[in-house]
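Residues per chain, in single letters:
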Amino acid sequence: MSTVSAAAHHIHRRTLSSALRFWSLGLALVAQVVTSSAVFAADTPAAQISAWTSAAKAGDPAYAPSAERGKTFFSKQFGHSTDMPSCAACHTSNPAGSGKHAVSGKVIAPLSPVANPERFADAAKTEKWFKRNCNDVLGRACTPAEKADFASFLVTQR
Ligand code: HEC
């Protein structure tokens, strides 16, 4: 092999290996996108209940979600707001049916994920509304235990 062709061969191999490196980097990126959309798709009522349960257990190892407590919570009059005394004030006494906003009168789609598959399917959305509604009705954030109880009740409502 002449010196020139040896050098050409060497360059060719370098180009090939860097092309391969780019290719595998691309593959890794695709894999990451696929994985993160799989994480997004894992936002289900069950997955969210299980995450709140773990958080609640950290403070109280004996904690277990209760649909019964969630039901009581749903219609409890918290005495914090006159306009928005309870969750049921907007979500009505039947969470499998449409709600009606206590202030604006606007129709609210059913809160039960059995009646409305869009519920508890996006953790960011769920947390956003918990934060807002708990502050309005209770004057504070809901605890992970309250969220797990609440959602455990809702999944029984069809
Ligand atoms: C003033 C009216 C009002 C009250 C009172 C209210 N909510 Fe809501 N809630 C809404 C509206 C409006 C939405 C969003 C509607 C939509 O997405 O179509 C919503 C949505 C939610 C969601 C989002 C679920 C999801 O994943 O889409 C949760 C959770 C929720 N409310 C919990 C509560 C809890 C808990 C209480 C009582 C502490 C409560 N709400 C009281 C109006 C209210």
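Before reading further, recall that the structure is shown in the block above.
Basis of the calculations
Each chain carries its own residue numbering, running from 1 in the written order of its sequence. In keeping with the model being predicted, local features are shown solely for residues with a pLDDT of at least 70 and side-chain atom pairs are shown and tallied solely at 80 or more, while totals for entire chains, interfaces and linings include all residues. Every helix listed is a DSSP run of H or I at least four residues long, and every strand listed is a run of E at least two residues long, numbered separately from the N terminus. To sort residues by exposure, count the other C-beta atoms lying within 10 Å of each residue's C-beta; 20 or more gives buried, 12 or fewer gives exposed, and values between give partly exposed, all with C-beta atoms placed from the backbone. A pair of residues counts as a contact when their C-beta atoms, built from backbone coordinates, are separated by no more than 7 Å. Here, a nonpolar core denotes buried Ala, Val, Leu, Ile, Met, Phe, Trp, Tyr and Cys residues that are linked to one another through C-beta atoms within 7 Å. Whether a residue is near a molecule or strand depends on its C-beta atom, placed from the backbone, lying within 6 Å of it. Polar here means any residue other than Ala, Val, Leu, Ile, Met, Phe, Trp, Tyr, Cys and Pro, which are nonpolar, and Asp, Glu, Lys and Arg, which are charged; Gly is therefore polar.

**Student:** Explain the overall build of the protein chain to me, please; I cannot follow it from the model alone.
**Tutor:** Along the backbone of the protein chain there are 6 helices and 2 strands. N-terminal to C-terminal, the α/β element order of the protein chain is α-α-α-α-β-β-α-α. Within the protein chain, buried positions represent 22% of all 158 residues. Long-range contacts, defined here as pairs at least 24 residues apart, represent 54% of the contacts in the protein chain between residues at least 6 apart.

**Student:** Hey, could you run me through helix α6 (residues 144-154) in this one?
**Tutor:** In an α-helix, one turn spans 3.6 residues; hence positions three or four apart end up facing the same way. In terms of burial, α6 is a largely internal element, 10 of the 11 residues being buried. Among all positions in α6, only P144, A145, K147, A148, D149, F150, A151, S152, F153 and L154 are buried. In the core, the buried residues of α6 are packed alongside α2 (45-59), α3 (67-75) and α5 (123-138).

**Student:** Hey, could you run me through the environment of K76 in this one?
**Tutor:** Structurally, K76 can be placed in the loop between α3 and α4 (88-91). With 14 C-beta atoms counted inside 10 Å, the residue K76 sits in the partly exposed group.

**Student:** Which parts of the structure should I look at to understand the environment of F73?
**Tutor:** Relative to the assigned elements, F73 resides in helix α3. A count of 20 C-beta atoms within 10 Å places F73 in the buried class. For F73 and E146, which are 73 residues apart along the polypeptide, the C-alpha to C-alpha distance reads 7.9 Å. Here F73 is in contact with E146, D149 and F150, once residues within four sequence places are set aside.

**Student:** So what exactly am I meant to see when it comes to the nonpolar core here?
**Tutor:** One finds I49, W52, A56, F73, L111, F120, A145, A148, F150, A151, F153 and L154 forming the largest nonpolar core, which totals 12 residues. Looking at this core, the elements with two or more residues in it are α2 and α6. Ranked by the residues each element gives to this core, the list is headed by α6, at 6 residues. In this structure, I49 is in contact with P65, A148, A151 and S152, ignoring residues within four places of it in sequence. Judged by nonpolar contacts, the second largest core, of 5 residues, contains C87, C134, V137 and C142.

**Student:** How should the site of the ligand be read in this particular structure?
**Tutor:** If you check the shell around the ligand, you find 24 residues, and the closest are C87, C90, T126, W129 and N133. At the level of secondary structure, the elements contributing two or more residues to the shell around the ligand comprise α4 and α5. Its residues assigned to classes, the shell around the ligand shows 17 nonpolar, 4 polar and 3 charged.

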